[in-house]
Amino acid sequence: MTDHTDHTGTSRPGTDRPTRRALVVRGGWEGHSPIEATDLFLPFLRHHGFHVTTAEELEVYEDAELLASTDLIVQCWTMGELTRKECANLVAAVHAGTGFAGWHGGVIDSFRGDLDYQLLTGGQFLMHPPEFSTHRIDPVDTFADHPVIAGLGAFEVHTEQYWVATDPLNDVLATTTFEADEILPRPVGIPAVWTRRRGLGRVFVSTIGHKPDDFDVPGVRAITERGMLWASR
């Protein structure tokens, strides 16, 4: 059975009920703390007028009507597999205007054998160094006015640094640099935050967020919160 939990949203001034609906899909590998991490953002979403539903089973993606009526899907589900129907419903909902957002392995280390899902997210995790590292996240000047990164400067994080393969249609908003070593012949800039369009829908991805305290870094928190709002219908 799919576990649906409703969280009452905060109405905007002059309204009797929340103006938008968010679905938070969380589970999979526990190493990414899917419940604890997503719980950090439920008050934020309610504050911004969302009625929030959480689901801890992928079967929620079988409900095409629910997905179509949802303005924002936030996913934190590492590994796992989608059925053909679940993936088709998710892709169709985003194509029709439902926003899709997530971070780290909860969105780009998910359903790795599903090419339609990879085309939705625009990227896939390939590797990270064996230990946490202190590394810099650099906003891209070309998108300095983008609402997800506007006014933010470079900042450092101490966490996993993701090496990812990405789609050329992504708008890369921030990068991280892997320095040259015995394997890499030269420094390489890798996308760390991006947005993309899928039909009428918007997709936001951040590679940062292996552990809940990553979101204590103001830049990480701001990018994640802004990214969810940007992606929402």
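Refer to the structure above for everything that follows.
Below, the structure is looked at part by part. (Residues numbered from 1 in each chain as written. Predicted model: local features only at pLDDT ≥ 70, side-chain atom pairs only at ≥ 80, totals over all residues. Heavy atoms only, no water.)

Its 14 residues place the ends of helix 7 (residues 218–231) 20 Å apart at the C-alpha level, agreeing with the 20 Å of an ideal helix rising 1.5 Å per residue. When you tally the buried positions in helix 7, you get 10 out of 14 residues, the bulk of the element. Gly 219, Val 220, Ala 222, Ile 223, Thr 224, Glu 225, Gly 227, Met 228, Trp 230 and Ala 231 are the residues of helix 7 that are buried. Structurally, helix 7 contributes buried residues whose contacts are with helix 2 (42–47), strand 4 (72–78), strand 5 (99–103), strand 8 (155–159), strand 11 (188–198) and strand 12 (201–206). (Helix = DSSP H or I, 4+ residues; strand = E, 2+ residues; numbered from the N terminus. Expected span 1.5 Å × (residues − 1). Buried < 20%, exposed > 50% of the residue type's maximum accessible area, 1.4 Å probe, protein only. Contact = heavy atoms within 4.5 Å.)

We now examine the packing of aromatic side chains. Aromatic rings in a pair are described by how distant their centres are and how their planes are angled relative to each other. Under the counting rule described, the total for this entry stands at seven aromatic pairs. A centroid spacing of 5.2 Å and a plane angle of 70 degrees characterise the contact between Trp 103 and Phe 215, whose relative ring orientation is edge-to-face. With Trp 103 in strand 5 and Phe 215 in the loop between strand 12 and helix 7, this residue pair connects regions lying 112 residues apart in the sequence. For the pair Trp 103 and Phe 215, a shared accessibility class is recorded, and that class is buried. Taken together, the ring pairs in this structure connect Phe 41, Trp 103 and Phe 215 into an aromatic cluster. Sitting above the plane of the Phe 41 ring, Arg 221 keeps its charged end 4.7 Å from the centroid. (Phe/Tyr/Trp six-rings, centres within 6.5 Å; stacked < 30°, edge-to-face > 60°. Lys NZ or Arg CZ within 6 Å of the ring centre and 35° of its normal.)

Together, Glu 57, Glu 59, Glu 62, Asp 63 and Glu 65 make up a region of like negative charge exposed at the surface. Examined against the element boundaries, Glu 57 turns out to sit in the loop between strand 3 (50–55) and helix 3 (64–68). On the accessibility criterion, Glu 57 (32% relative accessible area) is partly exposed. (Patch = residues over 30% accessible without salt bridge, like charges linked within 9 Å, V, L, I, M, F, W, Y side chains within 5 Å. Areas by Shrake-Rupley, 256 points an atom, 1.4 Å probe, with all protein chains shown as cover. Salt bridge = Lys/Arg side-chain N within 4 Å of Asp/Glu carboxyl O. Lys, Arg positive; Asp, Glu negative; His and termini not counted. Charge placed at Lys NZ, Arg CZ, Asp CG, Glu CD.)

Enumeration over the complete set of coordinates arrives at nine salt bridges. Here Asp 167 and Arg 196 are joined by a salt bridge, their closest N and O atoms 3.5 Å apart. On the criterion of sequence distance, the pair formed by Asp 167 in the loop between strand 9 (163–166) and strand 10 (171–178) and Arg 196 in strand 11 is long-range, its members being 29 residues apart. On the basis of relative accessible area, Arg 196 is assigned to the buried category, the value being 7%. The salt bridge partner of Asp 213 is Lys 211, with a shortest N-O separation of 2.9 Å.

Within the fold, Thr 121 resides in helix 6 (residues 115–121). Polar side-chain contacts of Thr 121 include one of 3.4 Å to the backbone oxygen of Gln 118. Excluding residues within four positions of it along the chain, Thr 121 makes contact with Phe 100, Val 107, Ile 108, Trp 194, Arg 196, Val 203 and Val 205. (Polar contact = N/O pair within 3.5 Å; in protein donor to acceptor, adjacent residues only side chain to side chain.)

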